[in-house]
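# Structural overview for review
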Amino acid sequence: MTELRWLKKPRCNECGQEIIEPHLWCLNCNNLISIQPIKGPKKSNINLKSMWSLNSFLPSFSKIVSLVEGNTPIIQIKNIPEIKGLNVKLEFRNPTSSFRDRASSLIVSDALSKKYNEIIGASTGSFSISLAAYTSHAALKSTAFIPGNLELSKIEQLKMYGTKIVDTNKNLDESIKSAKNYALEQKSYFPTPNDNLLTIEGQKTIGLELILQLANIENVIIPRGSGTLILSIFRGFEDAIESGWIKKYPKIFAVSLKSSSNSHIAESLEMKAPPLLDHIKKIIKKTKGKELPIDALDMIKNASEVAKKEGLFIEPASASVIAAAKKLVHDEIDPQSTVAILTGSGLNALNKFAFQMRNLKKTVWGLSETSTRRFEILNIIAEKKNTTHGYAIWVSLGKKKTIQSIYHHLDSLNQDGLIEFKEVGNTKKCLITKKGYELLNKMREIIDLREI
Ligand SMILES: [Zn+2]
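Rules and cut-offs
Residues numbered from 1 in each chain as written. Predicted model: local features only at pLDDT ≥ 70, side-chain atom pairs only at ≥ 80, totals over all residues. Heavy atoms only, no water. Core = buried A, V, L, I, M, F, W, Y, C linked by side-chain atoms within 4.5 Å. Buried < 20%, exposed > 50% of the residue type's maximum accessible area, 1.4 Å probe, protein only. Helix = DSSP H or I, 4+ residues; strand = E, 2+ residues; numbered from the N terminus. Contact = heavy atoms within 4.5 Å. Salt bridge = Lys/Arg side-chain N within 4 Å of Asp/Glu carboxyl O. Pairing = 2+ DSSP bridges. Axes fitted to C-alpha atoms, helices over the stretch in contact; angles between N-to-C directions. Parallel < 35°, antiparallel > 145°, perpendicular 65-115°, else oblique. Left-handed = near helix turned anticlockwise from the far one by under 90°. Donors = N, O, S within 2.8 Å, 3.2 Å for Na, K, Ca; no water. Tetrahedral: all angles 85-135°; square planar, octahedral: opposite > 155°, others 65-115°. Phe/Tyr/Trp six-rings, centres within 6.5 Å; stacked < 30°, edge-to-face > 60°.

### Focus on the nonpolar core
Within the largest apolar cluster, 64 residues are counted, with the highest numbers of intra-cluster contacts made by L198, L210, V220, I222, L231, I233 and W245. Elements that contribute at least two residues to this core include exactly α1 (100-113), α2 (126-137), α5 (197-213), β8 (219-223), α6 (228-242), β9 (251-257), α7 (277-286) and β11 (338-342). Setting aside its immediate chain neighbours within four residues, I233 contacts I206, G207, L210, I222 and I341. Listed in part, the 33 residues of the second largest apolar core include L86, F92, L292 and A323.

Written out as structure tokens, the structure is:
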């Protein structure tokens, strides 16, 4: 097994233990592992073509797996008056449309160098998708343990890369636990995004690129999530200071999800108390930035505005930085010396946008309109615990079609044995049958029909 070749040995901040394997948390005392700032070449000596143009800041591997990640462009917002001139770094222009590719390139290079056959992923999606792509490129096998509420559009992408999918039907933390156990049994490579120093070292190239690309950068707006992206960009700034590229840290503004929000809209921002939280708070304070909680629906609104006015289709978690910029611009920042990181593509969140825009209770991809409607009706009957009738269903569906069409669908569901009618007073109530329940549950297993 080939050892990782670090430029500086990772070391525990607390007990000083040095490590070789890319953990983020000390096995001795459970504190954060980090690498001391690295002094790289002069700014003018770097010809930025991809993340690997910054290899003088990165660990080295016997084999490198790259799909040409990094060197993502920065452009300015033009048509949204309140944030005109704001710089946005288009991290969704990476090979799998997310900043995670920077981490995957290092992680899969490590796995390949160490001659593993299989890589295990467990995350809310973008990271699993990214790992799957790089694993395929390296001709290795991949397995993804996915949480129960993962979006259909993400699952489809995993399948395209040939990943074996294990639907844990549990939350993210539980999925990570299952994945870890499986990886131990199978002796597979398991890079948890939140416990991997290569994640941080790969993603820190965003911070280094920001300094190379923008001369006057004073503020950076970053989605918080588990905190690894903030830690990474800060690491990039540390290296930039050590190398004499900048004198002081740009302010870091961390965007989190407002706790009252409907969290499934931005799964990657969902974690309420990530293990890195204390450390992130220190970083924010050190750079004189602050944390901004944003409402999930605000994210959708901003994502759709940025798509319509700027031609950039980003996922809701990414749009959180636009909402934050609007709040900050009044008195705290100058848009022209600020950059917001647009982490991922809207294509990864198609179902969520469709749900919001069509104002449908459920969206079923791949089914005809009639089948979708029958399915929606069955679902409404099931959710209302068998006490609903034609008129109430029509109202639930927003009175979009005629009430007659609802009765027509009810009759056909009845003929198929999926519902039955019961006369109560003057109204005919619908009851879902055992067969109806079984069908509904099967559908729920294969499509994205959990509550959004
Ligand atoms: Zn320690």
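### So, the pattern of salt bridges
Applying the stated criterion across every chain, the model contains 21 salt bridges. The salt bridge involving R235 is made with E201; its shortest N-O contact spans 3.2 Å. Of this pair, R235 sits in helix α6 while E201 is found in helix α5, placing the two residues 34 residues apart along the sequence. Between R374 and D416 there is a salt bridge; the shortest N-O distance is 2.9 Å. Residue R374 is located in helix α11 (residues 369-383), and its partner D416 is located in the loop between α13 (403-415) and β13 (419-424); the two are separated by 42 residues in the primary sequence. Among the residues examined, R374 registers a relative accessible area of 22% and is labelled partly exposed. Put simply, E201, K204, R235, E238 and D239 are held in one network by salt bridges that share partners.

### So, the sheet that holds strand β14 (residues 427-432)
Pairing between sheet strands relies on hydrogen bonds along the backbone, with the strands arranged either parallel or antiparallel. With antiparallel pairing, the 3 strands of this open sheet are ordered in space as β12-β14-β13. Two strands bound the open sheet, and with one partner strand each, they are β12 (388-389) and β13. The pairing of β12 with β14 spans 2 bridges and is antiparallel. Bridge assignment links T388 to a residue of β14, and that residue is C430. Lying over the sheet, α11 contacts β12, β13 and β14, oriented at roughly 95° with respect to β14. With respect to the sheet, α13 is in contact with β13 and β14, its orientation differing from that of β13 by roughly 115°.

### Concerning the side chain of S104
Positionally, S104 belongs in helix α1. The class of S104 is buried, set by a relative accessible area of 0%. Ignoring anything within four residues of it in the chain, the contact list for S104 reads S109, S130, L131 and Y134.

### Some words on the packing of α6 against α7
The contact between α6 and α7 brings their axes to 10 Å, and the two run at 45°. As far as their axial angle goes, α7 and α6 are oblique. Pair α6 / α7 crosses with left-handed handedness. On α7, the residues touching I230, L231 and F234 of α6 are H279, I280, I283 and K286.

### With respect to the coordination of the zinc ion
Around the zinc ion, the protein contributes the donor atoms C12 (SG), C15 (SG), C26 (SG) and C29 (SG), which lie 2.2 to 2.4 Å from the metal centre. Note that the zinc ion binds 4 donor atoms; their angles at the metal cover 101 to 119°, and the shape is tetrahedral. Read in sequence order, the donor residues coordinating the zinc ion give the pattern C-x2-C-x10-C-x2-C.

### Some points on the side chain of S128
On the secondary structure map, S128 appears in helix α2. Accessibility expressed as a relative area gives 5% for S128, which makes it buried. Contact partners of S128, with chain neighbours within four places excluded, come to G121, A122, S123, A144 and L158.

### Thoughts on the packing of aromatic side chains
Summed over the entire model, instances satisfying the criterion amount to 6 aromatic pairs. Judged by centre distance (5.1 Å) and plane angle (75°), the rings of Y116 and Y189 are edge-to-face. Of this pair, Y116 sits in the loop between α1 and β5 (118-121) while Y189 sits in the loop between α4 (172-186) and α5, and the two are 73 residues apart along the sequence. Exposure remark for Y116: the relative accessible area of 21% places this residue in the partly exposed category. Residue Y189 is classed as buried on the basis of its relative accessible area of 6%. Ring centres 4.8 Å apart and planes at 25° place the aromatic pair F234 and Y249 in the stacked group. Note that F234 is positioned in helix α6 and Y249 in the loop between α6 and β9, a separation of 15 residues in sequence.

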